[in-house]
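# Examining the three-dimensional arrangement
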Amino acid sequence: MRLGVLDVGSNTVHLIVVDAHPGARPVPQASHKSVLRLMRYLEPDGSISEEGVTAIVGAIAAAMEVARREGIDELLPMATSALREAANGEAVLARVEEQTGVALRVLTGEDEGRLTFLAIRRWYGWSSGNILLFDIGGGSLEIAAGSDEFPEVAVSLPLGAGRTTVQFFPDDPPTPEQMLELRAHSRAVMRADALPLFEHLPPFQHVVGSSKTIRSLARLAGSSRPHASGAGEPTVTLRRADLKDWIPRLGQLPAEARQALPGITPDRTFQIVAGAVVLHSVMKLYDVEELEVSPWALREGILLRYLDGLE
């Protein structure tokens, strides 16, 4: 069957269309993305401005045109932290449904962590043992860990790359002081709200990073090696030391210039520095020297969970 996953996130509205059935790997057929950066549309009271709501509705309408053209059998529409936390989130959801016919399912932060972890487990398999996962979105950072298909611990923190850019980097490029302030803030939040939840867990056999932000940073500062079996997709890794070396260089460039760097796409230039600071902070706090980068993340988790339900 042909499925569409519509992901309304803090940075983009992204539709992926796949051919899939239970027990098989989803095969991508089409993709459509609109870059919104919803954090720039937030009003002082935490609501999304009229301009932002109009942008959301327009992006979803454009994605639905692609979905209809591709002949999907089922649409799986979801929204994450930007709409979840907006003061007028319910009104925005109602307007989206009225004007586009799409009833978005709003995921909790724990939902995001659990579904992303499911995708990681399926990608790496049961032999990968105990996994620690970091996922940096536009609005939130998810950390999850466990040895089963769903994590034993999953936590969501307000440390997404877009959110922290708006909060801590009023200048472009950010000043060294602003970068230090974000580093201190992110570590304080992690120490208070996340780190103690993971202390009782056994050692991790794999530490995995997912999301476009981490994949972009890995293309910039990471490395790739052939799959151990000689077949399959290459293994992409990112060392903490290499990421640390790149952070001051990224911070010295204005957003417009960053897209000339390897792996930094135009939709990530605005928030990649904050994403790098947060990622380095979480790797250091969890004593991670190197992480593996997964090509699968939340959208694949949504697909897999739906296919499991069909069985």
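See the structure printed just above.
A few points on the structure. (Residues numbered from 1 in each chain as written. Predicted model: local features only at pLDDT ≥ 70, side-chain atom pairs only at ≥ 80, totals over all residues. Heavy atoms only, no water.)

## So, unusual backbone geometry
Stated formally: Under the DSSP-based scheme used, a helix requires at least four consecutive residues in state H or I and a strand at least two consecutive residues in state E, with every element numbered from the N terminus. Relative accessible area decides the class of each residue, using a 1.4 Å probe on protein chains only: under 20% of the type maximum gives buried, over 50% gives exposed, and in between gives partly exposed.
Across the junction of Asp172 and Pro173, the peptide omega takes the value 0 degrees, indicating a cis bond. The residue Pro173 is located in the loop between helix H5 (161–168) and helix H6 (176–193) in this model. Phi is positive for Arg37, close to 50 degrees, though the residue is something other than glycine. The phi dihedral of Ser211 is positive, around 105 degrees, even though this residue is not glycine. Summarising the element assignment, Ser211 is placed in the loop between strand S9 (206–210) and helix H8 (212–221). With relative accessibility at 8%, the residue Ser211 sits in the buried group.

## With respect to the packing of aromatic side chains
In plain terms, the rule: In summary, the pairing rule links any two rings of Phe, Tyr or Trp, Trp by its six-membered ring, whose centres are within 6.5 Å, and it sorts them by plane angle into stacked for under 30 degrees, edge-to-face for over 60 and tilted for everything else. To sit over a ring, a charge needs its Lys NZ or Arg CZ within 6 Å of the ring centre and within 35 degrees of the ring normal.
Evaluated as defined, the whole model comprises three aromatic pairs. Centroid distance Phe134 to Tyr286: 5.6 Å. Interplanar angle 65 degrees. Geometry classified as edge-to-face. Here Tyr286 lies in the loop between helix H11 (272–285) and strand S12 (290–293) and Phe134 lies in strand S6 (residues 131–136), a separation of 152 residues in the sequence. Given a relative accessible area of 13%, Tyr286 falls into the buried group. Cluster of aromatic residues (ring-pair linked, three or more members): Phe134, Phe198 and Tyr286. For Arg37, the ring lying beneath its charged end belongs to Phe270, and the centroid distance is 3.6 Å. Across from the ring centre of Trp246, 4.0 Å away, lies the NZ or CZ of Arg249, which sits over that ring.

Just distances and angles here, no functional claims.
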